[in-house]
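# Survey of secondary and tertiary structure
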Amino acid sequence: MQTVAVIDYGMGNLHSVAKALEHVGAGRVLVTSDAKVIREADRVVFPGVGAIRDCMAEIRRLGFDELVREVSADRPFLGICVGMQALLERSEENDGVDCIGLFPGQVRFFGKDLAEDGERLKVPHMGWNEVAQAVKHPLWHDIPDNARFYFVHSYYIEAGKPQQVVGRGHYGKDFAAALAEGSRFAVQFHPEKSHTHGLQLLQNFAAWDGRW
(Lines give C-alpha, C1' and ligand atoms only; values in the text may rest on other atoms or scores of the structure.)
Protein backbone atom coordinates (compact mmCIF):
# COMPACT_ATOMS: atom_id res chain seq x y z
CA MET A 1 0.00 0.00 0.00
CA GLN A 2 1.33 3.43 -0.91
CA THR A 3 1.90 6.02 1.82
CA VAL A 4 0.89 9.68 1.70
CA ALA A 5 2.68 12.00 4.12
CA VAL A 6 0.79 15.13 5.21
CA ILE A 7 3.48 17.50 6.48
CA ASP A 8 2.75 18.73 10.01
CA TYR A 9 4.53 21.96 10.92
CA GLY A 10 1.77 23.08 13.28
CA MET A 11 0.03 25.38 10.78
CA GLY A 12 -2.28 23.29 8.63
CA ASN A 13 -5.83 22.02 8.37
CA LEU A 14 -4.35 18.57 8.81
CA HIS A 15 -7.24 16.51 10.12
CA SER A 16 -9.69 17.36 7.33
CA VAL A 17 -7.00 16.97 4.64
CA ALA A 18 -6.03 13.53 5.99
CA LYS A 19 -9.66 12.42 6.29
CA ALA A 20 -10.41 13.49 2.72
CA LEU A 21 -7.37 11.57 1.44
CA GLU A 22 -8.48 8.50 3.37
CA HIS A 23 -12.01 8.90 1.99
CA VAL A 24 -10.77 8.70 -1.61
CA GLY A 25 -8.63 5.64 -0.86
CA ALA A 26 -5.29 7.40 -1.19
CA GLY A 27 -3.53 4.69 0.82
CA ARG A 28 -1.89 4.89 4.22
CA VAL A 29 -2.16 8.56 5.20
CA LEU A 30 0.37 9.76 7.78
CA VAL A 31 0.15 13.20 9.40
CA THR A 32 3.75 13.69 10.46
CA SER A 33 6.58 16.08 11.30
CA ASP A 34 9.15 13.26 11.06
CA ALA A 35 11.53 14.06 8.19
CA LYS A 36 12.42 10.37 7.79
CA VAL A 37 8.76 9.39 7.37
CA ILE A 38 8.22 12.23 4.87
CA ARG A 39 11.28 11.19 2.85
CA GLU A 40 10.08 7.59 2.70
CA ALA A 41 6.51 8.47 1.61
CA ASP A 42 5.33 7.75 -1.92
CA ARG A 43 3.63 11.13 -2.18
CA VAL A 44 3.55 14.26 -0.04
CA VAL A 45 0.91 16.87 0.83
CA PHE A 46 1.89 20.31 2.15
CA PRO A 47 -1.14 22.13 3.62
CA GLY A 48 -1.20 25.45 5.43
CA VAL A 49 -3.44 28.02 7.08
CA GLY A 50 -2.73 31.22 8.98
CA ALA A 51 -0.15 33.98 8.70
CA ILE A 52 2.73 33.31 6.31
CA ARG A 53 5.36 34.75 8.70
CA ASP A 54 4.42 32.20 11.37
CA CYS A 55 4.26 29.42 8.78
CA MET A 56 7.68 30.21 7.32
CA ALA A 57 9.23 30.57 10.79
CA GLU A 58 8.13 27.04 11.68
CA ILE A 59 9.04 25.65 8.26
CA ARG A 60 12.57 27.02 8.58
CA ARG A 61 12.94 26.04 12.25
CA LEU A 62 12.13 22.45 11.35
CA GLY A 63 14.28 22.47 8.20
CA PHE A 64 11.20 21.78 6.10
CA ASP A 65 12.12 24.37 3.47
CA GLU A 66 14.98 22.15 2.31
CA LEU A 67 12.92 19.00 2.88
CA VAL A 68 10.11 20.33 0.66
CA ARG A 69 12.61 21.17 -2.09
CA GLU A 70 13.96 17.62 -1.85
CA VAL A 71 10.79 15.52 -1.71
CA SER A 72 8.82 17.60 -4.22
CA ALA A 73 11.43 16.99 -6.90
CA ASP A 74 11.01 13.23 -7.30
CA ARG A 75 7.45 12.23 -6.30
CA PRO A 76 3.89 13.59 -6.50
CA PHE A 77 3.66 16.66 -4.27
CA LEU A 78 0.57 18.76 -3.51
CA GLY A 79 0.62 22.21 -1.85
CA ILE A 80 -2.67 23.56 -0.45
CA CYS A 81 -3.65 27.17 0.37
CA VAL A 82 -0.86 28.76 2.46
CA GLY A 83 1.13 25.64 1.61
CA MET A 84 0.93 26.86 -1.99
CA GLN A 85 1.85 30.44 -1.09
CA ALA A 86 4.89 29.23 0.86
CA LEU A 87 6.24 27.72 -2.38
CA LEU A 88 6.51 31.16 -4.02
CA GLU A 89 9.49 33.52 -3.72
CA ARG A 90 8.00 36.17 -1.46
CA SER A 91 4.75 37.28 0.18
CA GLU A 92 3.59 40.85 0.87
CA GLU A 93 1.94 39.67 4.07
CA ASN A 94 3.40 40.84 7.42
CA ASP A 95 5.42 43.61 5.67
CA GLY A 96 7.13 41.06 3.43
CA VAL A 97 8.25 37.48 4.02
CA ASP A 98 10.73 35.44 2.00
CA CYS A 99 9.28 32.05 1.11
CA ILE A 100 10.71 28.76 -0.20
CA GLY A 101 11.04 29.86 -3.82
CA LEU A 102 10.13 26.69 -5.70
CA PHE A 103 7.84 28.68 -8.00
CA PRO A 104 8.85 32.15 -9.23
CA GLY A 105 6.35 34.83 -8.35
CA GLN A 106 4.88 36.89 -5.54
CA VAL A 107 1.99 36.63 -3.10
CA ARG A 108 -0.02 39.88 -3.22
CA PHE A 109 -2.71 41.41 -1.00
CA PHE A 110 -6.14 41.71 -2.64
CA GLY A 111 -6.38 45.21 -1.16
CA LYS A 112 -8.89 47.06 0.97
CA ASP A 113 -10.72 48.56 -2.01
CA LEU A 114 -11.30 45.47 -4.14
CA ALA A 115 -14.30 45.93 -6.42
CA GLU A 116 -16.05 44.40 -9.42
CA ASP A 117 -18.54 46.27 -11.63
CA GLY A 118 -18.79 49.04 -9.05
CA GLU A 119 -19.55 46.62 -6.22
CA ARG A 120 -17.13 46.39 -3.32
CA LEU A 121 -15.84 42.87 -2.63
CA LYS A 122 -15.09 41.53 0.81
CA VAL A 123 -11.56 40.52 1.74
CA PRO A 124 -10.78 37.77 2.59
CA HIS A 125 -12.15 36.08 -0.48
CA MET A 126 -14.21 33.37 1.17
CA GLY A 127 -16.49 30.90 -0.57
CA TRP A 128 -17.02 29.09 -3.84
CA ASN A 129 -15.31 30.29 -6.99
CA GLU A 130 -14.86 28.94 -10.48
CA VAL A 131 -11.45 27.67 -11.57
CA ALA A 132 -10.65 27.84 -15.28
CA GLN A 133 -8.30 25.07 -16.36
CA ALA A 134 -5.51 26.83 -18.23
CA VAL A 135 -3.92 23.61 -19.52
CA LYS A 136 -4.66 19.91 -19.45
CA HIS A 137 -3.16 18.17 -16.40
CA PRO A 138 -3.69 14.70 -14.85
CA LEU A 139 -5.06 16.30 -11.68
CA TRP A 140 -7.94 17.82 -13.69
CA HIS A 141 -9.08 14.35 -14.82
CA ASP A 142 -12.90 14.05 -14.61
CA ILE A 143 -13.20 17.63 -13.31
CA PRO A 144 -15.10 19.98 -15.65
CA ASP A 145 -13.58 23.26 -16.71
CA ASN A 146 -14.82 26.15 -14.55
CA ALA A 147 -15.74 23.79 -11.73
CA ARG A 148 -16.25 25.55 -8.40
CA PHE A 149 -13.87 25.11 -5.46
CA TYR A 150 -13.82 26.55 -1.94
CA PHE A 151 -11.43 29.43 -1.21
CA VAL A 152 -10.43 31.30 1.96
CA HIS A 153 -7.64 33.83 1.34
CA SER A 154 -6.73 37.52 1.56
CA TYR A 155 -3.60 37.12 -0.57
CA TYR A 156 -3.32 35.82 -4.12
CA ILE A 157 -0.60 34.39 -6.36
CA GLU A 158 1.00 36.53 -9.05
CA ALA A 159 2.93 33.87 -10.97
CA GLY A 160 6.39 34.60 -12.34
CA LYS A 161 6.04 32.05 -15.16
CA PRO A 162 2.64 32.08 -16.88
CA GLN A 163 3.28 28.60 -18.28
CA GLN A 164 3.20 27.22 -14.71
CA VAL A 165 -0.36 28.47 -14.18
CA VAL A 166 -2.64 25.46 -14.75
CA GLY A 167 -5.75 26.93 -13.10
CA ARG A 168 -7.01 30.51 -12.95
CA GLY A 169 -9.47 32.20 -10.64
CA HIS A 170 -11.04 35.65 -10.62
CA TYR A 171 -12.13 37.74 -7.67
CA GLY A 172 -11.92 41.40 -8.51
CA LYS A 173 -8.74 40.51 -10.37
CA ASP A 174 -7.30 37.44 -12.06
CA PHE A 175 -5.07 35.20 -9.97
CA ALA A 176 -3.32 31.84 -10.19
CA ALA A 177 -5.56 29.23 -8.56
CA ALA A 178 -3.27 26.31 -9.41
CA LEU A 179 0.41 26.01 -10.33
CA ALA A 180 2.29 23.00 -11.62
CA GLU A 181 5.74 21.98 -12.77
CA GLY A 182 7.08 18.45 -12.98
CA SER A 183 5.89 16.43 -9.97
CA ARG A 184 4.72 19.57 -8.11
CA PHE A 185 1.12 20.75 -8.08
CA ALA A 186 -0.26 23.47 -5.81
CA VAL A 187 -3.72 24.97 -5.31
CA GLN A 188 -4.98 28.11 -3.59
CA PHE A 189 -8.36 26.54 -2.85
CA HIS A 190 -9.13 23.82 -0.30
CA PRO A 191 -9.86 20.54 -2.11
CA GLU A 192 -10.76 18.89 1.21
CA LYS A 193 -13.63 21.42 1.57
CA SER A 194 -14.67 21.40 -2.08
CA HIS A 195 -17.01 18.39 -2.09
CA THR A 196 -17.18 16.33 -5.29
CA HIS A 197 -14.63 18.20 -7.39
CA GLY A 198 -12.17 18.57 -4.52
CA LEU A 199 -12.38 14.89 -3.70
CA GLN A 200 -11.87 14.06 -7.38
CA LEU A 201 -8.70 16.16 -7.40
CA LEU A 202 -7.39 14.32 -4.33
CA GLN A 203 -8.27 10.99 -5.94
CA ASN A 204 -6.41 12.08 -9.08
CA PHE A 205 -3.42 13.03 -6.92
CA ALA A 206 -3.46 9.61 -5.28
CA ALA A 207 -3.30 7.96 -8.70
CA TRP A 208 -0.86 10.39 -10.33
CA ASP A 209 2.64 9.15 -11.17
CA GLY A 210 4.11 12.67 -10.94
CA ARG A 211 4.68 13.01 -14.66
CA TRP A 212 3.21 15.78 -16.78
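This text follows the structure it describes.
As the structure is a computational prediction, the values presented were derived from the model and not from experiment. Numbering of residues starts from 1 in each chain and follows the order in which that chain's sequence is written. Thresholds applied to this predicted model are a pLDDT of at least 70 for local features of residues and 80 or more for the giving and counting of side-chain atom pairs; totals over whole chains, interfaces and linings are not thresholded and use all residues. For side-chain calculations, the full set of non-hydrogen atoms in the structure is used, while hydrogens and water are omitted.

A few words on the pairing of strand 1 (residues 3-7). Here the term buried applies to any residue with accessible area under 20% of the maximum for its type, exposed to any over 50%, and partly exposed to those in between, with areas from a 1.4 Å probe on protein chains only. The helix and strand labels rest on DSSP assignments: H or I over at least four residues marks a helix, E over at least two residues marks a strand, and numbering proceeds from the N terminus. When you tally the buried positions in strand 1, you get five out of five residues, the bulk of the element. The two faces of strand 1 match: Thr3, Ala5 and Ile7 on one face and Val4 and Val6 on the other face are all buried. With the strands aimed away from the viewer, a crossover counts as right-handed if its path from the first strand over the helix to the second runs clockwise. Taken together, strand 1, helix 1 (residues 14-23) and strand 2 (residues 28-32) constitute a β-α-β crossover, and its handedness is right-handed. Pairing of strand 1 with strand 3 (residues 43-46) involves three bridges; the strand directions are parallel. The partner of Val6 across the bridge, within strand 3, is Val45. The pairing criterion for strands is at least two bridges between them, as found by DSSP.

This next bit is on the sheet that holds strand 12 (residues 155-159). Pairing in this open sheet of four strands is mixed, and the strands run 6-5-7-12 from one edge to the other. Pairing within the sheet leaves two strands with one partner each, and these edge strands are strand 6 (97-98) and strand 12.

Turning to the pattern of salt bridges, a few remarks are in order. Any carboxyl oxygen of Asp or Glu that lies within 4 Å of a side-chain nitrogen of Lys or Arg is treated as forming a salt bridge with it. This model, assessed by the stated rule, comprises twelve salt bridges. The residue Arg39 makes a salt bridge to Glu70 at a minimum N-O spacing of 2.9 Å. Residue Arg39 is located in helix 2 (residues 35-40), and its partner Glu70 is located in helix 4 (residues 64-71); the two are separated by 31 residues in the primary sequence. Overall, the relative accessible area of 41% leaves Arg39 in the partly exposed class. Here Glu66 makes a salt bridge to Arg69, at a shortest N to O gap of 2.6 Å. Of this pair, Glu66 and Arg69 both sit in helix 4, three residues apart, which is roughly one turn of that helix. Look at Arg69 and you get partly exposed, because its relative accessible area is 30%. One network of salt bridges, with partners in common, ties together Glu92, Arg108 and Glu158.

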